Amino acid sequence: MNTDLLFPALLTGIFCYLGAIETPWLFGMSGGFYIVGRPLIAGFLIGIFFGDIKAGILCGLAVQAVFIANLSTGGATNSEITYAAYGGIGLAMATTKNPAIALTLAILIGQTFGLIFYNGRMALYSFWNNRADKAANENNDHGIVLNHLIYPQITTFILRAVPVFLAIYFGKGLVNWLIHSIPQEVTHIIQVLGGVLPALGIALLMSIVIKNKAHLIFFMAGFVLLSFAKLSMIAIVFLAALVAYLYYYASAHSNGTDYQKNESSQGGTGSTDTKDEYEDDDLF
Amino acid sequence: MNTDLLFPALLTGIFCYLGAIETPWLFGMSGGFYIVGRPLIAGFLIGIFFGDIKAGILCGLAVQAVFIANLSTGGATNSEITYAAYGGIGLAMATTKNPAIALTLAILIGQTFGLIFYNGRMALYSFWNNRADKAANENNDHGIVLNHLIYPQITTFILRAVPVFLAIYFGKGLVNWLIHSIPQEVTHIIQVLGGVLPALGIALLMSIVIKNKAHLIFFMAGFVLLSFAKLSMIAIVFLAALVAYLYYYASAHSNGTDYQKNESSQGGTGSTDTKDEYEDDDLF
Amino acid sequence: MNTDLLFPALLTGIFCYLGAIETPWLFGMSGGFYIVGRPLIAGFLIGIFFGDIKAGILCGLAVQAVFIANLSTGGATNSEITYAAYGGIGLAMATTKNPAIALTLAILIGQTFGLIFYNGRMALYSFWNNRADKAANENNDHGIVLNHLIYPQITTFILRAVPVFLAIYFGKGLVNWLIHSIPQEVTHIIQVLGGVLPALGIALLMSIVIKNKAHLIFFMAGFVLLSFAKLSMIAIVFLAALVAYLYYYASAHSNGTDYQKNESSQGGTGSTDTKDEYEDDDLF
Amino acid sequence: MMNRDTSSPKKPLTKHELNQIWYRWGFTHLSSMSYEKIQAHAWAYSYIPFARKYYHDEPEKKRRLLKRHSMFYNTEPQTGQLINGIVASLEEQIALGNNVSEEMPVNIKATLMGPLAGIGDSIIQGIVVPILLSIAMSLASGGSPLGPIFYIVTYGILGPMISYIAFHSGYRLGVNAIDIIVGENSKRITDAFNILGVMVVGALAANTIVLKTIAKVPLGGKTKPLESVLNGIFPGLLPLIIVLFGWWLVSSKQYSATKVILILTVIVTIGCLIGLF
Amino acid sequence: MMNRDTSSPKKPLTKHELNQIWYRWGFTHLSSMSYEKIQAHAWAYSYIPFARKYYHDEPEKKRRLLKRHSMFYNTEPQTGQLINGIVASLEEQIALGNNVSEEMPVNIKATLMGPLAGIGDSIIQGIVVPILLSIAMSLASGGSPLGPIFYIVTYGILGPMISYIAFHSGYRLGVNAIDIIVGENSKRITDAFNILGVMVVGALAANTIVLKTIAKVPLGGKTKPLESVLNGIFPGLLPLIIVLFGWWLVSSKQYSATKVILILTVIVTIGCLIGLF
Amino acid sequence: MMNRDTSSPKKPLTKHELNQIWYRWGFTHLSSMSYEKIQAHAWAYSYIPFARKYYHDEPEKKRRLLKRHSMFYNTEPQTGQLINGIVASLEEQIALGNNVSEEMPVNIKATLMGPLAGIGDSIIQGIVVPILLSIAMSLASGGSPLGPIFYIVTYGILGPMISYIAFHSGYRLGVNAIDIIVGENSKRITDAFNILGVMVVGALAANTIVLKTIAKVPLGGKTKPLESVLNGIFPGLLPLIIVLFGWWLVSSKQYSATKVILILTVIVTIGCLIGLF
Ligand SMILES: OC[C@H]1O[C@H](O)[C@@H](O)[C@@H](O)[C@@H]1O
Ligand SMILES: OC[C@H]1O[C@H](O)[C@@H](O)[C@@H](O)[C@@H]1O
Ligand SMILES: OC[C@H]1O[C@H](O)[C@@H](O)[C@@H](O)[C@@H]1O
């Protein structure tokens, strides 16, 4: 038994469970999905487990770039980022520690295996939901705790920690063999692909935030401020806030007049002042 | 007969006709005046004719800078850019290939000879117009073709290709002599002037687009983004688009409420949405 | 008698009077308080008096930074900038010519001695005011001149020129001794403090101009344009003008419609045009 | 215990009990998530102590409470705590015997969960997380642990803080919060945040997508790398084209993520084979 | 041929015939331009095939058609194709015998040519062409053919494309297009484009005008080039002053281009002689 | 002199007399400032020549004139000349016997001095002076006299110019100026200038406050200066924190300047002692 690999593989499996969207232990999504579940953090943690923090973070960086705009809305997800991160980076760290390998494995795992397990678990959970429903109906507090918390968590622990542990512990050989058979051309393609794939995440974000084609103007302005003016993200956030406020202000006045129409129309200035103070409360 | 000069001079003359505003052959103004007529393109083409593309483009660059904001509105023009470009660059390429010479000649030709020929031709065309009118009145299709297209084009070909060809073919000696008699101080002045003259074009543009003195604020912002922030023109176009959109949006809302006033006032939000989609159609 | 020090000290005292807010001779505040009273200018002048312009300006720079946003509103002031500048820089120039010393002395003088003298004088002036009142009531032109101009100016000359002269002329020894007893740690603290204290002036400005907490967005944008985008103040002023104009424009339309409501509603477009021309008149 | 009969005046929620409702939901919101119910049972679970306090001798009321909090529910779990706050204030009213109907909490949950999911997801997943991550990524370059630590600390504070403030604001405002959320002004704020989001996403695109061409173009005799030519005209043109193409696939063609990955893979592969990338 | 009498139902324009109207105008709009008629006869010319199709046996109608399309006309020829599209739809209605008066096309031409010349000239000559040229010029620096080729390709696509889209939009919308062109929203769009234009022109000024001083200023004993001092305060200050002066001459003083050239020449000459430039 | 009796037509103010009113106030506005009267007597002083011209034989009227211009008054002295201009036109009307009441100037002074002090102080002290100074300071770096000279020249022109233009505009417009100053449009302009001011002040903060940490952070074995790490994330973060803290002390805590100086000194001292700065 390879004890060198045993503990790292075990811990990676456990954290693949702790970073899952359905995990409660780290204040729900806040500490789980949104922190432990991020590939960058996963790389950091797996780096610690495997005793090579730097290599772990480099793998995490490569994978994170692709999943920077990962989305989970309405319970649905476009790629299973947690399996992707812990599976891909874990296997890479167990073998070559090569970021490009980590990325390729992450995408393969995230889009196939990961999505299948994710949706499978979602289906299984209906069973526990049913029982939790019945427990509520029967005034059975304990039943709610069991079927909302305990049983579902055991289910998902089995579905996450176990396969990821096994994949790393026993998949090492296979992956090693695969890596060495990859021709150089393919490595190059994978590298280029790693730069291109974040476009998918961005495109998904765009489809959420761009509700009016004319708003592409704002997208272009943001793009240009980074690519031409070389501003950093933080600076752009503040400039974007200025633009957003002007937009808000321009719309405010329209509604201001709108509102006054239904009221009597005296005291226009006065009511504008009230508006101004109102803005404060809402924005901050 | 100097055959080395013959063909370049001939081609330059012909393209001075093809780049004219009244030329139809390259989809009217689109390919003629707006493409072949631009000094930068003229420099490129004349460079090809004279077998020195690089020198041609450098002459084209110098002349183009001055005429970057050349305007032709309502049929009137502030300088005859096509004569200027083909005459000036052509003569320079036939002699020293010096951009400053090209520029000086272009300005001299464009503002004197060029404007005279331009306005002379405009006057002559009234004659063909008259006949085209009569043809229309007599249901004479052929007459329209002849007097709208054929005769006017022969007229302008004679007025453009011939003098430019002659000027280059026979003017070479005179220009060479002139160039060598110019004192160095004058060359310096011409060089400085070449940097200053684009201000005229810009000033003319300003008098078209600035309809409200307060809008000088936008002019200054554009200036500053280039001169202080060192942004490129393309980047500034996108940022300007953002500003323009905010301006549009701010005005939109005013009109939005304006409009609703004439209608019944239910469904304010609904009608705003319609507006939003409407914007799309118009802007793109 | 130390004649080397006599004249510089005398001139410094006199200019401490000429740069005061209540001094009339240089077109009131315009040339007095706002020009001669600024520490940068004080440094320049004192440098001339002491025959070392460069050292004077460097001291002026250090003190000016802290008082960049000095405010005098409603007759009240947060620090007596003129005593601070002429006292602090004058004493420093008489001793080590060290900017950090100038700054420390300026702050000490401005916040203690300076404020006391300032408010003392303000109280004294009520006496002259009383007499000017009586003079007006008695149709006594001359009394007005005496009690509005002559007597108050003699008062303030005594309160400004004399103590500053004495402080420099006789304080030199004390200050020299103090400087040499300051441990290095304290010098370091003073240096750091010199960088931090302008924050006070800025904070006071902010409390004047920021009337709505949401407008902190504009503050941040200005900050970021300088710190991240490395734009100069001038460039930012123009960009800020653009933002302010958009803000103005957005509010304009609201009021436009407001206004039209009270009128009959025909000619919406026409009246907007009038507005536009109106803007011109007011803004420039 | 006998004095705790229905007629006796019940005490309002203590600070501790209120926080209990908050963190029970804060921890377990998605712990039994299926497409069928998503966050449904987290409600029942978070009201167990409440039920014990107020309805320990009114089993029917308790049953109704647990039932009405076992229905399908889904929103953004952090910003969405606003709703939990509002509902807590309503349930307290109901429990104290004040004039609030039992349908009220149900209706409010159904009305607000949609809007709050929308605005919450755009802000958290569209703006906050990508920005923090891209800062963290630049700090992590070269393998520095500063990057992950920065992200852990900042989001570790921000996430729970949003959740906490949202919950307590909701509780304090009660039903008045609804006006703020679905009112006209809220629409305007949401729109403004969207504008902010769109600009930030534009910057994010320029920051994270990398695509460079290795092709060369002939220029006056010599050849020049096409990439440096493109850079002179429009830095980041290729990433821009790719992302606009991806957006078109996703939003106009309605392609799934996996399909888009396949298409991008094909394009990159061809591009590499013909010596473009 | 006898079955083509007036009573027989005439066929609408085919796609090909429509395009013929478009490109006949697209090619020859200014080919007989005088100040008297400018683009007048290009209309008659572009309606010759149309006249042959519909009025080959109604000479009086044909004559009226050709006459009403030989009147003074002028607009921006590319964006202006919108009008040609609208008129084509109206002429088709007239030819098919529908209830459209023959004054309609004439009125529409007279009403719309002004606004479209205004917006078209600002966009094409004020924004599009100068921007493309200034990119091309930076690409051409050092004499690279990339510059001119870039301009030829981009404007070569853009110009005809605008023309084509404008024409077909006009034809599709018919008279409804008028509302869009002269309506309130159009004024707002034009205003917004103007703002865009003004900013771009500002950048253009900074980009193309070059004026440097060679004077030196004494600074603390040594002399320093004035240009570097000015650059520290306000890069491009001299070009800015020159262009604002030129604008004042042109817009307030109403000076002609030639006059302004002369004034600038005088200023530059004096400046050079006294060692300023 | 006998022909100058009250019934004879008095002559309007000459340009010279008008300018006298302007510069008498321009020079002495604050020369007898106390908290009790501030700029009160500068008015009486500037109307002495006027009083001699119009009321040399009507002592009662003269007395009333001097009295009504000895009341408490305070505004920004440069922009505020607008009011002096308006009042000059009114006093002229009164002196010429036209139908203007003697309360009018008093009321106008009382109404307008507040708004003009507000807008004037923000523009002059909040925007113009700090901007000119910060340019001058960058020019003065290294001890160059260019900095102070630049400021002397620019403000030396600007200050009196504002004063002059304001006065003569006020005189020309008369009471109509009031609408402009206190009307709706003026509020909007003031608001816009405030926005301008806020942005400029933000830049000023970044430009003038200097605070650097000398602490080091351990990073992957080696230590790295914290300052360069902070610079990578947010250049100027420490100055920003300091200024926001100062603003909070001043605006929310209502602390005096001296108190804030003390607090900052304590912070800096502690920071230095523990090796932070
Ligand atoms: O869309 C609201 C909400 O739905 C589910 O609960 C998850 O996908 C969350 O990530 C998301 O915030
Ligand atoms: O002004 C409209 C139009 O007028 C004439 O046809 C020419 O000057 C064109 O260049 C211009 O676009
Ligand atoms: O506030 C108006 C005005 O009040 C006093 O006169 C002084 O403090 C001036 O500096 C200030 O401008």
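The structure presented is a predicted model; accordingly, all values stated were derived computationally and were not measured.

Turning to the overall build of chain D, a few remarks are in order. Helices and strands together make up the secondary structure of chain D, namely twelve helices and two strands. Reading chain D from its N terminus to its C terminus gives the helix and strand order α-α-α-α-α-α-α-α-α-β-β-α-α-α. The globule rule puts the C-alpha radius of gyration for 277 residues at 19 Å, and the 26 Å found for chain D is more than 25% above it. Each principal axis of the C-alpha distribution contributes one length, and for chain D these read about 100 × 40 × 35 Å. Classification of the 277 residues of chain D by burial places 57% in the buried group. Taking all contacts inside chain D whose residues are at least 6 apart in sequence as the whole, residues at least 24 apart take part in 67%. With the model as given, the accessible surface of chain D reaches about 11,300 Å², and the carbon-plus-sulfur share is 65%. Counting 24 positive and 16 negative side-chain charges, chain D places the centres of these two groups 9 Å from one another.

Our next topic: the UniProt feature "transmembrane region" (unreviewed entry) in chain A. All names here are of chain A. Mapped onto the present numbering, the UniProt feature "transmembrane region" (unreviewed entry) falls at residues 6-28, 40-69, 100-118, 149-169, 189-210 and 217-248. Along residues 189-210, the helical share is 91% and the strand share 0%, with 31 Å between the first and last C-alpha atoms. The span residues 217-248 is 84% helical and 0% strand by assignment, and the distance between its end C-alpha atoms comes to 16 Å.

Let us look at the site of ligand 1. Taken together, 15 residues form the shell around ligand 1, and within it Ser72(A), Gly74(A), Gly75(A), Asn74(D) and Asp121(D) come nearest. Measuring from an oxygen atom of ligand 1, one finds a backbone N or O atom of Gly74(A) at 2.9 Å. Protein burial of ligand 1: of its 310 Å² of free accessible surface, 98% is covered by the chains. Of all the elements in the fold, those that place two or more residues in the shell around ligand 1 are strand E1 (72-73) of chain A together with helix H6 (103-140) of chain D. When residues in the shell around ligand 1 are grouped by element, the largest group, three residues, is from H6(D). Tallied by class, the residues present in the shell around ligand 1 amount to five nonpolar, eight polar and two charged.

A separate point is the domain arrangement of chain A. In terms of domain boundaries, chain A breaks down into domain 1 (3-204) and domain 2 (212-266). One C-alpha centre belongs to domain 1 of chain A, the other to domain 2 of chain A; they are set 37 Å apart.

Let us look at the interface of chain E and chain B. At the interface, 106 residues of chain E touch 105 residues of chain B. Of the roughly 9,500 Å² buried between chain E and chain B on both sides combined, carbon and sulfur atoms contribute 75%. Taken together, chain E and chain B are joined by three salt bridges. Between chain E and chain B we count 29 residue pairs in polar contact (both at pLDDT 80 or more) in total. It is helix H9 (residues 184-208) of chain E that provides the largest number of residues to the side of chain E that touches chain B, a total of 20 residues. When the residues that make up the side of chain E that touches chain B are grouped by side-chain class, the tally is 62 nonpolar, 33 polar and eleven charged.

A word on helix H2 (residues 28-36) of chain A. For H2(A), the tally of buried residues reaches nine of nine residues, placing the bulk of the element in the interior. Among all positions in H2(A), only Gly28(A), Met29(A), Ser30(A), Gly31(A), Gly32(A), Phe33(A), Tyr34(A), Ile35(A) and Val36(A) are buried.

The next subject is the interface of chain A and chain F. In this complex, chain A contributes five residues to the contact, which on the side of chain F involves five residues. Buried area between chain A and chain F, both sides added, is near 380 Å², and the carbon and sulfur share of it is 72%. Our count for the contact surface shared by chain A and chain F stands at zero salt bridges. For the interface between chain A and chain F, the tally reads zero residue pairs in polar contact (both at pLDDT 80 or more).

Moving on, we get to a nonpolar patch on the surface. Residues and elements named next belong to chain B. A cluster of nonpolar side chains, Phe7, Leu10, Leu11, Ile14, Ile150, Ile154, Phe157, Ile158, Val162, Leu166 and Phe170, forms an exposed patch at the surface whose accessible area comes to about 930 Å². The greatest single-element share of the nonpolar patch, amounting to seven residues, is contributed by helix H7 (residues 141-181). Structurally, Phe7 is set in helix H1 (residues 3-18).

Looking now at the side chain of Gln111(C). As for its position among the elements, Gln111(C) is in helix H6 (residues 99-137). Among the polar contacts listed, one links the side chain of Gln111(C) to the side chain of Thr258(F), at a separation of 3.3 Å. Each residue touching Gln111(C), except ones within four places of it in the same chain, is listed here: Phe67(C), Asn78(C), Ser79(C), Thr258(F) and Ile261(F).

Further remarks concern the domain arrangement of chain D. Many analyses report the size of an interface as the accessible area lost when the parts associate. According to the domain assignment, chain D contains domain 1 (1-206) and domain 2 (216-273). Taking the mean C-alpha position of each, domain 1 of chain D and domain 2 of chain D sit 42 Å from one another.

Turning our attention to the site of ligand 2. By nearness alone, 15 residues border ligand 2, and Ser72(B), Gly74(B), Gly75(B), Asn74(E) and Asp121(E) come closest of all. Between ligand 2 and Asn74(E), the relevant distance is 2.6 Å, taken from an oxygen atom to a side-chain nitrogen or oxygen of the residue. Between Asp121(E) and ligand 2, the recorded distance is 2.5 Å, taken from a side-chain N or O atom to an oxygen atom. Contact with the protein chains covers 98% of the free accessible surface of ligand 2, which is 310 Å². Mapped onto the shell around ligand 2, the elements with two or more residues apiece are strand E1 (72-73) of chain B together with helix H6 (103-140) of chain E. Broken down by element, the shell around ligand 2 gets its largest block of residues, three residues, from H6(E). Split into classes, the residues belonging to the shell around ligand 2 amount to five nonpolar, eight polar and two charged.

Quick look at the side chain of Glu80(A) now. Residue and element names in this part refer to chain A. In this structure, Glu80 sits in the loop between strand E2 (76-77) and helix H5 (81-94). Within the local environment of Glu80, its side chain forms a polar contact with the backbone nitrogen of Thr82, the two atoms lying 3.1 Å apart. For Glu80, the residues in contact, after removing those within four places along its chain, are Gly110, Gly114, Leu115, Tyr118 and Arg160.

Let's shift gears to helix H5 (residues 81-95) of chain F. All names here are of chain F. Taking 1.5 Å per residue as the helical rise, H5 with its 15 residues ought to reach 21 Å, and the 20 Å between its terminal C-alpha atoms agrees with that figure. With 14 of 15 residues buried, H5 is to be regarded as a mostly interior element. Downstream of H5 by one or two residues, Gly97 has phi in the positive range, about 85°.

Moving on to the nonpolar core. Phe219(A), Phe219(B) and Phe219(C) are the most contacted members of the largest nonpolar core, which totals 454 residues. Apart from residues no more than four positions distant in its own chain, Phe219(B) is found in contact with Ile202(B), Met206(B), Ile210(B), Val198(E), Val201(E), Gly202(E), Ala205(E), Leu240(E), Val243(E) and Leu244(E).

Here we come to the arrangement of the chains. The two units chain A and chain E never meet; even their closest C-alpha atoms stay 12 Å apart. Left apart from each other, chain B and chain F have a closest C-alpha approach of 12 Å.

What follows concerns the confidence of the model for chain D. Looking at chain D, the pLDDT average stands at 91 and 96% of residues meet or exceed 70. Across the whole predicted complex the pTM is 0.87, and at the interface the ipTM reaches 0.88.

Generally, phi is negative for residues other than glycine and the peptide bonds are trans, each holding for most cases. Even without being a glycine, Phe27(B) presents a positive backbone phi close to 55°. Topologically, Phe27(B) is positioned in the loop between H1 and helix H2 (28-36).

Turning our eyes to something else, we now look at the environment of Phe223(C). Here Phe223(C) lies in helix H10 (residues 216-227). Excluding its chain neighbours within four sequence positions, the residues that come into contact with Phe223(C) are Gly202(F), Ala203(F), Ala205(F), Ala206(F), Phe234(F), Pro235(F), Gly236(F) and Leu240(F).

Right, let's talk about the packing of H6(D) against helix H9 (residues 184-208) of chain D for a bit. Any two packed helices are characterised by how steeply their axes cross, that is the angle between the axes, and by the distance between the axes. All names here are of chain D. One can describe the packing of H6 onto H9 by two numbers: an axis separation of 10 Å at closest approach and a directional angle of 35°. Between H6 and H9 lies a crossing whose hand is left-handed. Across the interface between the two elements, Ile119, Ile123, Gly126, Ile127, Pro130, Ile131 and Ser134 of H6 pack against Thr190, Phe193, Leu196, Gly197, Val200, Val201, Leu204 and Asn207 of H9. Per-class residue counts for the contact of H6 with H9 are ten nonpolar, five polar and no charged.

The next thing to look at is the packing of aromatic side chains. All names here are of chain C. Throughout the structure, instances matching the rule amount to 93 aromatic pairs over all chains. Between the aromatic rings of Phe218 and Tyr247, the centroid separation amounts to 6.2 Å while the plane-to-plane angle is 85°, which identifies the pairing as edge-to-face. Residue Phe218 is located in helix H10, and its partner Tyr247 is located in helix H11 (residues 233-262); the two are separated by 29 residues in the primary sequence. Accessibility classification places Phe218 together with Tyr247 in one group, the buried group.

What counts, and where the lines are drawn
- Residues numbered from 1 in each chain as written.
- Chains lettered and ligands numbered in written order.
- Predicted model: local features only at pLDDT ≥ 70, side-chain atom pairs only at ≥ 80, totals over all residues.
- Heavy atoms only, no water.
- Helix = DSSP H or I, 4+ residues; strand = E, 2+ residues; numbered from the N terminus.
- Rg over C-alpha atoms; globule rule 2.2 N^0.38 Å.
- Buried < 20%, exposed > 50% of the residue type's maximum accessible area, 1.4 Å probe, protein only.
- Contact = heavy atoms within 4.5 Å.
- Areas by Shrake-Rupley, 256 points an atom, 1.4 Å probe, with all protein chains shown as cover.
- Lys, Arg positive; Asp, Glu negative; His and termini not counted.
- Charge placed at Lys NZ, Arg CZ, Asp CG, Glu CD.
- UniProt positions renumbered as here; feature names shortened; annotations may be inferred.
- Near = heavy atom within 4 Å.
- Polar contact = N/O pair within 3.5 Å; in protein donor to acceptor, adjacent residues only side chain to side chain.
- Nonpolar A, V, L, I, M, F, W, Y, C, P; charged D, E, K, R; others polar.
- Domains from an automatic or database assignment.
- Buried area = accessible area lost by both parts, 1.4 Å probe.
- Salt bridge = Lys/Arg side-chain N within 4 Å of Asp/Glu carboxyl O.
- Patch = residues over 30% accessible without salt bridge, like charges linked within 9 Å, V, L, I, M, F, W, Y side chains within 5 Å.
- Expected span 1.5 Å × (residues − 1).
- Core = buried A, V, L, I, M, F, W, Y, C linked by side-chain atoms within 4.5 Å.
- pLDDT = per-residue confidence, 0-100.
- Axes fitted to C-alpha atoms, helices over the stretch in contact; angles between N-to-C directions.
- Left-handed = near helix turned anticlockwise from the far one by under 90°.
- Phe/Tyr/Trp six-rings, centres within 6.5 Å; stacked < 30°, edge-to-face > 60°.

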